[in-house]
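Here is how the chains run, residue by residue.
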Amino acid sequence: QVQLVESGGGLAQPGGSLTLSCAASGSIDSVGNMAWYRQVPRKERELVATITRGRSTNYVDSVKGRFTISRDNAKNTVYLQMSSLEPEDTAVYYCNALVRRLGSAVPSFYWGQGTQVTVSS
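Throughout what follows, the structure given in this document is the object of discussion. (Residues numbered from 1 in each chain as written. Predicted model: local features only at pLDDT ≥ 70, side-chain atom pairs only at ≥ 80, totals over all residues. Heavy atoms only, no water.)

### A look at the side chain of Arg71
Selection criterion: Helix and strand assignments come from DSSP, with helices taken as H or I runs of at least 4 residues and strands as E runs of at least 2, each series counted from the N terminus. Type-normalised accessible area, obtained with a 1.4 Å probe on protein chains alone, sets the label of each residue: buried when under 20%, exposed when over 50%, and partly exposed for intermediate values. A residue counts as positive if it is Lys or Arg and as negative if it is Asp or Glu; His and the chain ends are not included. Throughout this description, the term salt bridge denotes a Lys or Arg side-chain nitrogen within 4 Å of a carboxyl oxygen of Asp or Glu. Contacts described as polar in this section are N or O atom pairs within 3.5 Å, which, within protein, must combine one atom able to donate a hydrogen with one able to accept it, while residues neighboring in sequence count only if both atoms come from side chains. Whether two residues are in contact is decided by their heavy atoms: any pair within 4.5 Å suffices.
On the secondary structure map, Arg71 appears in strand β7 (residues 67-72). Despite its burial, Arg71 remains without a salt bridge, the nearest opposite charge being carried by Asp72 at 8.1 Å. Within the structure, the side chain of Arg71 is placed 3.2 Å from the backbone oxygen of Thr52, a separation counted as a polar contact. In this structure Arg71 touches Val31, Gly32, Asn33, Met34, Ile51, Thr52, Arg53, Arg55, Thr77, Val78 and Tyr79, once residues within four positions along its chain are discounted.

Listed below in structure tokens is the structure:
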């Protein structure tokens, strides 16, 4: 089994900062691309940022210059540093990872349980 466990959500004021973490654990051979998504009620889940194992990154336009995705390959952990937060960033944030399990030739996508981020004064 593979688990993705997120932490770091909470309440922040507009203009403030939060850092999310997501650690993959279990029967892991390797972790490929990792990503953060977010979702608000009655809307589609939105891709926020991605990072390859080689640390190439991409961001949705609305967070460029404000959010930074990074990873620690030794810890199978991905981070999302969020700054200059806006009320529109309020959402449940999910991490996603492409993981090859021990003994498996084919990788699969796994999701974290989600962590709430609320930006409000």
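### Here's the deal with the packing of aromatic side chains
We apply this condition: Stacked, tilted and edge-to-face are the three classes assigned to paired rings of Phe, Tyr and Trp, where Trp is represented by its six-membered ring and a pair needs centres within 6.5 Å; plane angles under 30 degrees give stacked, over 60 edge-to-face, the rest tilted. A positively charged side chain is recorded as over a ring if its NZ (Lys) or CZ (Arg) lies within 6 Å of the ring centre. The angle to the ring normal must also be within 35 degrees.
Under the defined criterion, the tally for this structure stands at 2 aromatic pairs. Ring centres 6.5 Å apart and planes at 85° place the aromatic pair Tyr94 and Trp111 in the edge-to-face group. With Tyr94 in strand β9 (residues 91-101) and Trp111 in strand β10 (residues 108-111), the pair connects residues that are 17 residues apart, well separated along the chain. Take Tyr94: its relative accessible area is 15%, and that puts it in the buried class. Through pairs of rings, three or more aromatic residues link up here, namely Tyr37, Tyr94 and Trp111. We note Arg45 situated over the ring of Tyr94; from NZ or CZ to the ring centre the distance is 3.7 Å. Above the plane of the ring of Trp111 lies Arg45, whose end atom (NZ or CZ) is 4.6 Å from the centre.

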